[in-house]
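Analysis of the macromolecular model
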Amino acid sequence: MSEAKAHGNGLALTADQPDLESHLIQLQNDLSWLQDHGSQAECAQAIESIEGVISSLRYGQAGLAHQLEKEVLRENEERGTNIDDQVRGAASRVAIARKRPQNGSRNYLVNRRILFEDTPNIAAAFSRGEFTEAQIQAMLTPLQDVRPLRRTEFDGIFRQNPDMFESMGPKRIKETVTNFTVKYTSDREDKKLKDSNAQRYVRFRKDREEGCVFLQARLPIVGGTGLQKTLRDQSFRIKCKGDPRTRTQIEADLLARYMFFDENNEQTINVQLGLIMTDKALFMGDREPAYLEGYGFIPAQTARELIGGHQIPNELTFEEMEAKLTPENIERIEVMTEITRLYTAPGDQELITMDSKARIFPQKLKKFIRIRDRHCRTPFCDGLVEETDHVTQFARGGATSVSNSSGRCAICNKAKEATGWYEYTAFNDHHSMLICPGSAMSYRSTAPPATGYVHKPFPQLMCDSQWFTQFKERLDHPDGPHCRQS
C-alpha cells in the first residue's frame, strides 16, 4: 500500500512515490474531469484509449508470467525436483497473483509461451494495445495444436496482413486461426470427429427441487448443427408472428414435439446447411478446411464424406499409418469416393449481382448473406446472423442488394438506428463497410473470406494490373524495343 493510500487520501502526492503512481493519479484526475464535463465523443474516445492501455498492461503482465514460469523451471532443474513436471507451481502462483481461479491457469501459461517464443509479431501488436487479452487467448489457443514451425508461419502471415483481425471478436478470431491449424491437423481432427460420432448419446436427469427434467445430448456435427439451425429458424419465424413465448421457450416446445414423432410414421424435416470448400479440396484431395454453416471449419476429408454420403473407413491418423504401413492403409489415405450428391453454396455471378426493388430481402439473398457473413457484422460482436440489414437504410436511398447488405444479430440491428450512427459501404469493396457509432471514431467491418483466412486478390485482377503497367510503359516510352518489334 502506498503512503498516500495509507493516509486515506488517494490524490495526495509524496516525494518518495514512484513515477508510475503519479501517472495513475493524473489519469484518475483526467477521468474524473471527463466524467463530469466530457462530451459523448470525448467519453467514447477515452473508453477506447483506456482499453488500449489495459491491453498494453496485460502484455506486460503476460511477460512477467512467462518470466516467472522460466524461473520456476530453472529452480526445479537446479534442485532436481519435480522431474515429471518441472513447471509445477508456476500456474498456481500466476493465478493467485491475477486473482483468477486455478482452472485454466496452465493454458494461460502455455499461450504466453507461444506468444513470446513463437509469435513475436502478434506479441508486438499486443504490446501496442491492438488486441485485448480475450482476443489474444482466442488467437493463441488453436495454435497449441500445431508445431512451433507452423506457429511462426502463421505469425509471418499476420506480419504480412496486419489488419486480418480488424474489428473481429474472440469467436471470429478463433475461427480464423482454426482455419489455419485444421489444415495441418486434418487427420487428427477427422479421427476425433469420427470418435465423437461413435460416442453420441442422450441423457435425462430429473430435478425434483426445480420441478423439471434436464436434457443432455451429444450429437454428430451435421445432425446437431442441423437441429440447432432448425430450432433457431423456426422459433424466430414463430416469434415474428406475435407468439407471446420467448424464443428459448419456443425452441424447447419444438424439441419436445420432435421427440414424440413415431419412427414408423414418415415425417420429413428438411434441413439445409451451407458447405463452403475449394474445388481442389473437393476433387484433388487438398487439405484446405471446409466451412460448415452454423458449426465452423471442419477437415476437408470430413467434408468429402458428407458430400459423398457415407463415411470413409479411415480410423487411423497419417502418423499411425506411417508407423504401421500396410497396403490396406495405403488405399485409405485421402480416399476419394464417387460423388453421389453435390451441394454448392450460393455464390455464383448471378447471385452476387442479384438485387431487388423491394425493401425486404429475398430469401435466397438472405441465405447468401448469412453464409457470407457467418457472424454479426458489428465490430467485435460474435453474435449469430439473425437479420439481414441495409448498410445504408432503404429510407435513405439504400438499395436492396448484396453490396448494401450486412448480417446482424437482433440487438445490433436495432442499435444502428440510434441518433448519429452512420454506416457506409467502403473502399469500392462490396463486402466492406465503415461504421461510425455516433462518435469521432470509425471502424471497418469486412466479411470473412469464403475460403482461407485472409482476403487475396483475384489472379485475373493481378494479370490485369500487370497488363496495365506494361501498357502505361508503352505510352511513356513509345520508342521502346517492344514497339520496334511490333
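Residues numbered from 1 in each chain as written. Predicted model: local features only at pLDDT ≥ 70, side-chain atom pairs only at ≥ 80, totals over all residues. Heavy atoms only, no water.

**A look at the overall build of the protein**
Note the following rule: Numbered from the N terminus, helices here are DSSP runs of H or I no shorter than four residues, and strands are runs of E no shorter than two. When accessible area is computed with a 1.4 Å probe and restricted to protein chains, residues below 20% of their type maximum are described as buried, those above 50% as exposed, and intermediate ones as partly exposed. Only the protein chains shown count as cover for residues, and all accessible areas are computed by the Shrake-Rupley method using a 1.4 Å probe.
Within the protein one finds 21 helices and 12 strands. Taken across its 486 residues, the protein has 35% of its residues classed as buried. Surface summary for the protein: the accessible area is close to 30,100 Å², and the carbon and sulfur share equals 54%.

**Overview of the sheet that holds strand 12 (residues 443-446)**
How we decide: Think of it this way: DSSP has to see at least two bridges between two strands before they count as a pair. Here an angle of 0 to 180 degrees is reported between the N-to-C directions of two axes, which are lines fitted to C-alpha atoms, with helices fitted over the stretch in contact.
Within the open sheet, the 3 strands sit side by side as 10-11-12. Their pairing is antiparallel. The outermost strands of the open sheet, each flanked by one partner alone, are strand 10 (421-425) and strand 12. Put simply, the sheet's adjacent strands are angled 25° from each other on average, direction ignored.

**Topic: the nonpolar core**
As a reminder, the rule being used: By nonpolar core we mean a set of buried residues, namely Ala, Val, Leu, Ile, Met, Phe, Trp, Tyr and Cys, connected to one another through side-chain atoms within 4.5 Å.
In terms of nonpolar packing, the biggest core is built from 32 residues, with M139, F154 and F165 touching the most fellow members. Taken together, the elements giving at least two residues each to this core come down to helix 3 (40-79), helix 4 (90-97), helix 5 (105-117), helix 6 (120-127), helix 7 (133-140), helix 8 (148-160) and helix 9 (170-182). Within the second largest apolar cluster, 12 residues are counted, among which are L193, L275, L292 and I307.

**Here's the deal with the confidence of the model for the protein**
The condition is simple: Every residue is assigned a pLDDT by the predictor, reflecting its confidence on a scale from 0 to 100. Any two residues whose heavy atoms approach within 4.5 Å are treated as being in contact.
The share of residues in the protein with pLDDT of 70 or more is 74%, and the mean pLDDT across the chain is 75. Note on residues 1-17: pLDDT is under 50 here. Beyond four places in sequence and across chains, it has 18 contacts. Counting contacts from residues 328-354, a segment whose pLDDT is below 50, to residues more than four positions away or on other chains yields 52 contacts.

**Thoughts on helix 7**
Burial analysis of helix 7 places 6 of its 8 residues in the buried class, the great majority of the element. Among all positions of helix 7, only E133, Q135, I136, A138, M139 and L140 are buried.

**Focus on the packing of helix 4 against helix 5**
What counts is decided by this rule: Roughly parallel here means an angle under 35 degrees, roughly antiparallel means over 145, roughly perpendicular means 65 to 115, and every remaining angle is called oblique. Residues were grouped as follows: Ala, Val, Leu, Ile, Met, Phe, Trp, Tyr, Cys and Pro as nonpolar; Asp, Glu, Lys and Arg as charged; and all remaining residues, including Gly, as polar.
Running from N to C, helix 4 and helix 5 point in directions that differ by 100°, and their axes come no closer than 8 Å. The orientation of helix 4 with respect to helix 5, classified from their angle, is roughly perpendicular. When helix 4 is examined against helix 5, the residues A90, A91, V94 and A95 are found in contact with a partner set consisting of S105, R106, Y108 and L109. By residue class, the composition of the contact of helix 4 with helix 5 is 6 nonpolar, 1 polar and 1 charged.

**Re the packing of helix 3 against helix 4**
Rule in force here: Helix crossings fall into two classes, left-handed where the near helix is turned counterclockwise from the far one by less than a right angle and right-handed where it is turned clockwise.
Interhelical geometry of helix 3 versus helix 4 gives an angle of 150° and a closest axis separation of 9 Å. In the packing of helix 3 onto helix 4, the handedness of the crossing is right-handed. Along its contact with helix 3, which presents A65, L68, E69 and V72, the element helix 4 presents A90, R93 and V94. The class makeup of the residues in the contact of helix 3 with helix 4 is 5 nonpolar, no polar and 2 charged.

**Overview of the sheet that holds strand 3 (residues 275-276)**
Read from one edge of the open sheet, 3 strands run 3-4-5, paired in antiparallel fashion. Each edge of the open sheet carries a strand with a single partner, namely strand 3 and strand 5 (296-298). Across 2 bridges, strand 3 lies against strand 4 (residues 290-292) in antiparallel orientation. The residue of strand 4 that forms the bridge with L275 is L292.

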